[in-house]
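Summary of the model geometry
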Amino acid sequence: MNFAMRSSSFISRFGQYLFAFGLIAVITATFFALRDALDTTLIALLYLIPLGLITALWGLGPGITSALITFLTFNYFFIPPYYTFAVHRPTDVVILVIFLIVAIVISQLVGRMQVSLAAATAREREATQLYELSTALAGLHDERAIAEILAKQVQDVSQGEAVELSITGTQPFAFRLPESIMPTRLPEWVVPIQVARGALGEIRLWRAAPAITSSEKRLLQTFASQGALALERARLAQAESRARVLEESDRLKSAILSSVSHELRTPLSTIKAASSSLRSNEVSWDSAARPELIAAIDDEADHLNMLVGNLLDMSRIESGALKPKREWNILPEIVGSVLARMKHLAGEHQLEVDVPESLPLVPVDYVQMEQVFTNLVSNSVKYAPEKTVIRVRAFVEGESIHVLVSNQGPQVPQEHLERIFDKFFRITAADRVTGTGLGLSICKGIIEAHSGRIWAENMPDGLAFNFTLPLIWEGAPPPQLPMDTETE
Amino acid sequence: MTNAPHILVIDDEPQIQRAIRTILTEKGFRVTTASRGEEGLTLAAVNEPDIVILDLGLPDMDGVEVCTRLREWTQCPIIILSVRDSERDKVAALDKGADDYLTKPFGIEELLARVRVALRHSASKQGMQGKVIHAGSLTIDLAWHIVRRGDEEIKLTATEHKLLAYLASNHGRVLTHQSILTHVWDPADADHTEYLRVYMRQLRKKLEVDPERPQYILTEPGIGYRFIADE
């Protein structure tokens, strides 16, 4: 049965009876005017038309009542003696009885048809609502979205005062409709959202009047089980993607471990070899090898320290703990100090710098930016052949600063240009070049923490690393400082 | 050697304690070690050391707090030991009264240089004004505001002079951005590191032979600056 129709109130019910009686009164008046021209049997037959109509329009109640009233009015007005309920002729008695039987049978038949039609319509609507719900839920993998849709549908169908969906699990939550005010009393009806493994939550419905009917309960239960299926599906999908992430990170971890242990062991082997030979009597006190061995221990300890530093940086970037301490800095100062420090590492490479003094101040973390330049330049030193040029260039581009570190080393295949910033990604075999394979991914992490962008591109004669950094920081452009220029 | 300088080392790692003790004893210092903050504070009160070497990562309390509590009653130099990447902690400790810092792992020359600077500063806490400081070919007369490279006088602006005077009179020591800004400019300007960057660059251009590779005014990344003068 339709809920909207079902909610028809006493007033409209009463109205239906009134209409029915009105119709009978009008028809009776018409027949009464034509009483002499019409035969009693004909009148009885004609009376059956409005009766059928009333039952068809307003149902069994008004139909049967109208049949009885018509029976009485027919008797009163049309069966002689008129204006009494007395009947003299036996034929009239037969007519009356037949009329009553036919009227009631017609009313019953039409009424029953009406009821089954309404039931069929209600079933069809339920089916449509269920279909809508399952279409809306299909493909959803977010528990909140599922809860929201389910609550909305329940609210639509039940027209209740409020609906609350509480979902249990690792992250329990509740979804309420309307969001603003919830009734303080207990809900009128509670349906568990249940799957084979147990309850996933429940639907609470507040609707004081009209009371919730059994067919509504049945529908809501179907809704709840649809919701349960959707939630179950979402949870399974989540579990699956979690498993996939774990598998991926497992794979990455073993890659890290193998790369790291290889990289850490190399300097350790040197240190162990040098220190043990110094301890033993193999190397005499005045041997020329002594300072050589001592220098090796010192250098390799520094190398080891750098590797550990890189690993720490990477884990900090991964965990989102790398927060730049941004200040207005002078880019030429940073570049200058890095290149000065790297001079001895650059060896036979030629360093060319075009970072003009006229550049505005840049809002960066000094230490992290030093590291970006160190990593980019040392990457260039590592891969570009000796005696080639490594160039560092910076210029303003709109509201950003654009920095280029280019070398005349081998180009990177187009499909690897992005991947070289991934951790542990290497084009050449790991044992041919030293390093953790972390340098570029650390650069990427730092630049992105500064809201910048970093990429590599092939140049006609080599490879260039590019990055841009915003010059606007906390809504302000680089400050211009009032300088005192007057000397004492 | 009862009047040899006494150094208190507060560090919870036995290997570091062993290395520092061996080297400093070798160099003629008296060394006491503590592995916890409370123990270190007690030993400092009992022994009144000439220098405290303090690790920031102690098991029982924060190194910065040890620093603060030491400063409540003693002005003895404090040298901080800490790992790389904890610039914030180092700056916090320096601003709470520590005199210098060393990043682990450190070379022994660095440690000895810090100890020497610390001893010199505790010996001549006052009377820095009026001194003439020599750094390479530079001569800085703090009293007369005259800076010379060789025989040639270098003209400095008033702010540059103030900046150089503060750096030079604390030569050998690290000075945090905040302490320089507070001393040379104004406590209200303590956040304006850009002033410092710009003036420091200008000063380097006037003083250094190669401003990209400064010999006198060194940058301590993320911390501050250090002026290197002749011993």
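So, here is what we can say about the structure in this document. Everything numeric here is computed off the predicted structure, so don't read it as measured data. (Residues numbered from 1 in each chain as written. Chains lettered and ligands numbered in written order. Predicted model: local features only at pLDDT ≥ 70, side-chain atom pairs only at ≥ 80, totals over all residues. Heavy atoms only, no water.)

With that settled, consider empty space enclosed by the protein. With a probe scaled to a water molecule rolled over the atoms, the places where space remains empty come into view. All names here are of chain B. Inspection of the entire model under this criterion finds one cavity of 30 Å³ or more. If you go around the largest cavity, you meet 10 residues; those closest to its centre are D99, V117, A118, H121 and R173. Per-element tally for the lining of the largest cavity: the top contributor is helix α5 (residues 108-123), with five residues. (1 Å grid on protein atoms, 1.4 Å probe; cavity = no way out; pocket = protein on both sides within 12 Å on 5 of 7 lines; lining within 4 Å. Points joined across faces, edges and corners; volume = space filled by probe spheres on them. Helix = DSSP H or I, 4+ residues; strand = E, 2+ residues; numbered from the N terminus.)

We now examine the pairing of strand β12 (residues 224-227) of chain B. Residue and element names in this part refer to chain B. With three bridges joining them, strand β10 (residues 174-176) and β12 adopt antiparallel strand pairing. Looking at β12, one finds that L175 is bridged to Y225. Looking at chain direction, strand β11 (residues 217-220) and β12 are connected through four bridges and run antiparallel. From the neighbouring strand, T219 faces β12, where its bridge partner is Y225. Connecting the antiparallel pair β11 and β12 is a turn made up of three residues, with G222 showing a positive phi of about 75°. (Pairing = 2+ DSSP bridges.)

Another aspect to go through is the packing of aromatic side chains. Residues and elements named next belong to chain A. Per the stated rule, a full pass over the model turns up 19 aromatic pairs over all chains. Ring plane angle 35° and centroid distance 6.3 Å describe the contact between F74 and F78, whose orientation is recorded as tilted. In this pair, F74 and F78 are both assigned in helix α4 (residues 60-78), four residues apart and thus about one turn of the helix distant. According to the relative accessible area criterion, F74 is buried, its value standing at 0%. On the numbers, 5.6 Å between centres and 70° between planes, the contact of W328 with W473 is edge-to-face. Remark: W473 occurs in the segment after β11 (462-470) and W328 occurs in strand β5 (residues 327-329); sequence separation between them is 145 residues. Each of the two residues, W328 as well as W473, counts as buried. Counting every residue linked through ring pairs, the aromatic cluster contains F31, F32, Y47, F74, Y76, F77, F78, Y82, Y83 and F85. A cation over an aromatic ring shows up here: R35 above the ring of Y82, its NZ or CZ 3.6 Å from the ring centre. (Phe/Tyr/Trp six-rings, centres within 6.5 Å; stacked < 30°, edge-to-face > 60°. Buried < 20%, exposed > 50% of the residue type's maximum accessible area, 1.4 Å probe, protein only. Lys NZ or Arg CZ within 6 Å of the ring centre and 35° of its normal.)

Time to look at the pattern of salt bridges. Counted under the stated rule, the structure contains 36 salt bridges over all chains. A salt bridge links R341 of chain A to E370 of chain A; the nearest nitrogen and oxygen atoms lie 3.1 Å apart. Of this pair, R341 of chain A sits in helix α9 (residues 331-346) while E370 of chain A sits in helix α10 (residues 366-383); the two residues are 29 residues apart in sequence, bridging distant segments of the chain. Assessed through its relative accessible area of 7%, E370 of chain A is described here as buried. Taking the shortest distance from any N to any O, the salt bridge between E65 of chain B and R69 of chain B comes out at 3.7 Å. In this pair, E65 of chain B and R69 of chain B are both assigned in helix α3 (residues 63-71), four residues apart and thus about one turn of the helix distant. (Salt bridge = Lys/Arg side-chain N within 4 Å of Asp/Glu carboxyl O.)

A word on the interface of chain A and chain B. If you look at the interface, chain A gives 32 residues, while chain B gives 29 residues. Buried surface at the junction of chain A and chain B, summed over both partners, amounts to about 2,600 Å²; 51% is from carbon and sulfur atoms. The tally of links between chain A and chain B comes to four salt bridges. The partner of K205 of chain B in a salt bridge is E357 of chain A, and the shortest N-O contact between them spans 2.9 Å. Where chain A packs against chain B, one counts five residue pairs in polar contact (both at pLDDT 80 or more). Looking at the side of chain A that touches chain B, the elements that each hand over two or more residues are α8 (289-318), β5, α9 and α10 of chain A. No other element matches α9 of chain A, which puts six residues into the side of chain A that touches chain B. Grouping the amino acids of the side of chain A that touches chain B by side-chain chemistry returns 12 nonpolar, eight polar and 12 charged. (Contact = heavy atoms within 4.5 Å. Buried area = accessible area lost by both parts, 1.4 Å probe. Polar contact = N/O pair within 3.5 Å; in protein donor to acceptor, adjacent residues only side chain to side chain. Nonpolar A, V, L, I, M, F, W, Y, C, P; charged D, E, K, R; others polar.)

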